[in-house]
Amino acid sequence: MSDSISFRERLGKGIILLDGAMGTLLHSKGVEIDSCFDALNLTQPTLVEEIHRSYLQAGAEVIETNTFGANRFNLAEHGLASQVTEINRAGVEIARRTVQAQGRGYVAGSVGPLRVRLAPFGRVSAEHAREAFAEQITALYDAGADVIILETFSDLYEIQEAINAAKMVDSSLPLVAEVTFTRDDRTLLGDTPAHVAEFLATLGADVIGVNCSNGPAQIARVVRLMQASVPDMLFSAIPNAGWPEYIGGRVMYPAGPDYFANYAVNMRERGIAIVGG
């Protein structure tokens, strides 16, 4: 932590600006879309650091580690399952170095879904999922992450195991838990914003919310429904810049800077704790 107060203390002092996409910017700088972005922490740390620095210079107060897919299941697809700890530790070290150079900011350890189905719909048990999340979160925590952000989950039982894993690592670890929604304002498994909020509110995260999804307008709508369901919780709202489209070999997003800025102001007026995207 380079700021003078802890992340949890900072949550009580007004809206926090989070960074935005990592993978999209890495791709825009020439990284192949089907490569292992997390492994760049080891092979191209300067490139990752450059993106972190650009977000801090643009005004972000929190930067997320380049570790969204750095769990044993996802890394196994690239032959890197044995490097979970090394890749996650490097992700924190790169982010921490950037924060220290800028003299401010917090480092958030990014944790995404395992990209495998949990039982009874898939082959991975809840216990094995929890072990995989714990392995990744332990590496992020031990390397010095200020907060863990669980993001882009669509299965509530999977994010429950991720939260359980974080609590196993350290029950006092600040935690943000975010779910993503389809175009019809439901998760991929059919859960409504109200149900998601009520479910997450019981699990012990400091902040709950929504990320990715179909851009600022949808995120604003969904988070309002979540707030109405559990008004005493703190919320995050981290949208894509619209629904991603694949154009000319690159992933593109339709929402422009002015539209996104207006959305951010609206979220501040709604009392959202963390805004980014």
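Just so it is clear, the model here is predicted, and its values are computed rather than measured. (Residues numbered from 1 in each chain as written. Predicted model: local features only at pLDDT ≥ 70, side-chain atom pairs only at ≥ 80, totals over all residues. Heavy atoms only, no water.)

Draft legend 1. Quick peek at the overall build of the chain. The helix and strand inventory of the chain stands at 11 helices and 10 strands. At 17 Å, the chain has a C-alpha radius of gyration in line with the 19 Å of a compact globule built from 277 residues. Principal-axis analysis of the C-alpha atoms places the extent of the chain at approximately 45 × 45 × 45 Å. When each of the 277 residues of the chain is scored for burial, the buried share is 52%. (Helix = DSSP H or I, 4+ residues; strand = E, 2+ residues; numbered from the N terminus. Rg over C-alpha atoms; globule rule 2.2 N^0.38 Å. Buried < 20%, exposed > 50% of the residue type's maximum accessible area, 1.4 Å probe, protein only.)

Draft legend 2. View of the sheet that holds strand E7 (residues 234-239). Here we have eight strands laid out as an open sheet, ordered E1-E10-E7-E6-E5-E4-E3-E2, and parallel in their pairing. Each edge of the sheet is formed by a strand with only one pairing partner; in this case those strands are strand E1 (16-17) and strand E2 (62-64). Where E7 meets strand E10 (residues 274-275), two bridges bridge the pair, whose relative direction is parallel. In the sheet register, Ala-237 faces E10, and the bridge partner there is Val-275. Contacts from helix H8 (residues 156-169) reach strand E4 (147-153) and strand E5 (175-179) within the one sheet, and its direction differs from that of E5 by about 170°. (Pairing = 2+ DSSP bridges. Contact = heavy atoms within 4.5 Å. Axes fitted to C-alpha atoms, helices over the stretch in contact; angles between N-to-C directions.)

Draft legend 3. Seen up close, the packing of helix H6 (residues 84-102) against helix H7 (residues 126-143). Put simply, H6 and H7 touch, their axes get as near as 8 Å, and they point 40° apart. Overall, the two elements H6 and H7 adopt an arrangement that is oblique. With respect to the hand of their crossing, H6 and H7 are arranged in right-handed fashion. Here Val-84, Thr-85, Asn-88, Arg-89 and Val-92 of H6 lie close against H7, whose contacting residues are Glu-135, Gln-136, Ala-139, Leu-140, Asp-142 and Ala-143. Tallied by class, residues from the contact of H6 with H7 come to five nonpolar, three polar and three charged. (Parallel < 35°, antiparallel > 145°, perpendicular 65-115°, else oblique. Left-handed = near helix turned anticlockwise from the far one by under 90°. Nonpolar A, V, L, I, M, F, W, Y, C, P; charged D, E, K, R; others polar.)

Draft legend 4. View of the pattern of salt bridges. Under the counting rule described, the total for this entry stands at nine salt bridges. Salt-bridge contacts for Asp-206 lead to Arg-8; the nearest nitrogen and oxygen are separated by 2.7 Å. Of this pair, Asp-206 sits in the loop between helix H9 (193-201) and strand E6 (207-212) while Arg-8 sits in helix H1 (residues 7-11), and the two are 198 residues apart along the sequence. A relative accessible area of 36% means that Arg-8 is categorised as partly exposed. With a closest N to O distance of 2.5 Å, Arg-130 and Glu-161 form a salt bridge. Of this pair, Arg-130 sits in helix H7 while Glu-161 sits in helix H8, and the two are 31 residues apart along the sequence. Exposure remark for Arg-130: the relative accessible area of 24% places this residue in the partly exposed category. On the basis of relative accessibility, which here comes to 9%, the residue Glu-161 falls in the buried class. (Salt bridge = Lys/Arg side-chain N within 4 Å of Asp/Glu carboxyl O.)

Draft legend 5. Summary view of unusual backbone geometry. In the segment running from Ala-119 into Pro-120, the intervening peptide bond is cis, with an omega of 10°. Note on placement: Pro-120 falls in the loop between strand E3 (106-111) and H7. In this structure, Arg-115 takes a positive phi of about 65° despite not being glycine. Inspection of the secondary structure assignment puts Arg-115 in the loop between E3 and H7. Classification of Arg-115 as exposed rests on a relative accessible area of 57%. Positive phi, close to 65°, is recorded for Thr-152, a residue that is not glycine.

Draft legend 6. Just the side chain of Ser-236, in detail. Relative to the helices and strands, Ser-236 is located in strand E7. Among the polar contacts listed, one links the side chain of Ser-236 to the side chain of Glu-178, at a separation of 2.8 Å. With near-sequence residues (within four places) excluded, Ser-236 lies in contact with Val-176, Glu-178, Val-207, Ile-208, Gly-209, Val-210, Val-223, Ile-272 and Ile-274. (Polar contact = N/O pair within 3.5 Å; in protein donor to acceptor, adjacent residues only side chain to side chain.)

Draft legend 7. Expanded view of the nonpolar core. Ranked by internal contacts, the top residues of the largest apolar core, which has 66 residues, are Ile-137, Ile-148, Leu-150 and Leu-200. Here Leu-200 is in contact with Ile-159, Ile-163, Ala-177, Val-179 and Ile-208, once residues within four sequence places are set aside. Residues Phe-7, Tyr-106, Ile-238 and Ala-273 belong to the second largest nonpolar core, which totals 14 residues. (Core = buried A, V, L, I, M, F, W, Y, C linked by side-chain atoms within 4.5 Å.)

Draft legend 8. Representation of the state of the cysteines. What the rule picks out here adds up to zero disulfides. For the unlinked cysteine Cys-212, the closest cysteine sulfur is that of Cys-36, found at 18 Å. A relative accessible area of 24% means that Cys-212 is categorised as partly exposed. (Disulfide = S-S within 2.5 Å.)

Draft legend 9. Summary view of the pairing of E3. The element E3 is largely enclosed, with a buried count of six among its six residues. Burial of the side chains of E3 extends over both faces: Tyr-106, Ala-108 and Ser-110 are buried on one face and Val-107, Gly-109 and Val-111 on the other. Bridge count between E2 and E3: three bridges; the pairing is parallel. Within the sheet, the bridge partner assigned to Ile-63 lies in E3 and is Val-107.

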